[in-house]
Amino acid sequence: MIVLLRETIEDPRSSLSALAHMIGHELAHIVRHHPRGSLPDSLEEAEAELREAEEEADELAVRYLARAGYDCRPLREYLSREPVRKDRVHLACERVQRS
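Figured I'd write up the structure that's included with this text.

Scoring rules and cut-offs
- Residues numbered from 1 in each chain as written.
- Predicted model: local features only at pLDDT ≥ 70, side-chain atom pairs only at ≥ 80, totals over all residues.
- Heavy atoms only, no water.
- Helix = DSSP H or I, 4+ residues; strand = E, 2+ residues; numbered from the N terminus.
- Polar contact = N/O pair within 3.5 Å; in protein donor to acceptor, adjacent residues only side chain to side chain.
- Contact = heavy atoms within 4.5 Å.
- Patch = residues over 30% accessible without salt bridge, like charges linked within 9 Å, V, L, I, M, F, W, Y side chains within 5 Å.
- Areas by Shrake-Rupley, 256 points an atom, 1.4 Å probe, with all protein chains shown as cover.
- Salt bridge = Lys/Arg side-chain N within 4 Å of Asp/Glu carboxyl O.
- Buried < 20%, exposed > 50% of the residue type's maximum accessible area, 1.4 Å probe, protein only.
- Expected span 1.5 Å × (residues − 1).
- Lys, Arg positive; Asp, Glu negative; His and termini not counted.
- Charge placed at Lys NZ, Arg CZ, Asp CG, Glu CD.

Some remarks on the side chain of His29
Step number 1: Looking at where His29 falls in the secondary structure, it is placed in helix H2 (residues 16-31).
Step number 2: Here His25 takes part through its side chain, which lies 3.1 Å from a polar atom of the side chain of His29.
Step number 3: Not counting residues up to four positions away in its chain, the partners in contact with His29 are His34, Ala53, Glu54 and Ala57.

Quick word on a nonpolar patch on the surface
Step number 1: Nonpolar side chains collect at one region of the surface, where Ile23, Leu27 and Ile30 lie side by side and expose about 220 Å² of accessible area between them.
Step number 2: With respect to the element layout, Ile23 can be found in helix H2.

Looking at the environment of Ser17
Step number 1: You can see Ser17 is positioned in helix H2.
Step number 2: For Ser17, a relative accessible area of 6% corresponds to the buried category.
Step number 3: For the pair formed by Ser17 and Leu75, sequence separation is 58 residues and the distance between their alpha carbons is 7.0 Å.
Step number 4: Setting aside residues no more than four positions away along its own chain, Ser17 makes contact with Leu65, Tyr70, Asp71, Pro74 and Leu75.

Quick word on H2
Step number 1: With 16 residues, H2 ought to run about 22 Å at 1.5 Å a step, and its terminal C-alpha atoms sit 22 Å apart, in line with that.
Step number 2: Residues of H2 that are buried include every one of Ser17, Ala18, Ala20, His21, Met22, Gly24, His25, Ala28 and His29, and no others.

Here we look at a negative patch on the surface
Step number 1: A cluster of like negative charges, contributed by Asp41, Glu45, Glu49, Glu52 and Glu55, occupies part of the molecular surface.
Step number 2: With respect to the secondary-structure elements, Glu52 resides in helix H3 (residues 43-68).

Here we look at unusual backbone geometry
Step number 1: Look at His33: it is not a glycine, yet its phi comes out positive at around 55 degrees.
Step number 2: Of note, His33 is situated in the loop between H2 and H3.

Set out below in structure tokens:
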């Protein structure tokens, strides 16, 4: 199940490509079977697993967008409130555009 908050969808910075990225990101978690609800051995392990899953989901979402014909550049503005994620998505966009 994918849940998107109404406030996220109605955000004035949101665009069709941002919405497509959100859906693609969540689909990537499902497709890659990212762990949910499992208990890691330590907090550090949990943080590392989460960071890795989020990075992979963002990367796959950008690839899904590119295959569907979306421009990922508008995501930078939408993700401006999340600098680490904005940089990660920006790099993924560049990799996809080069390939």
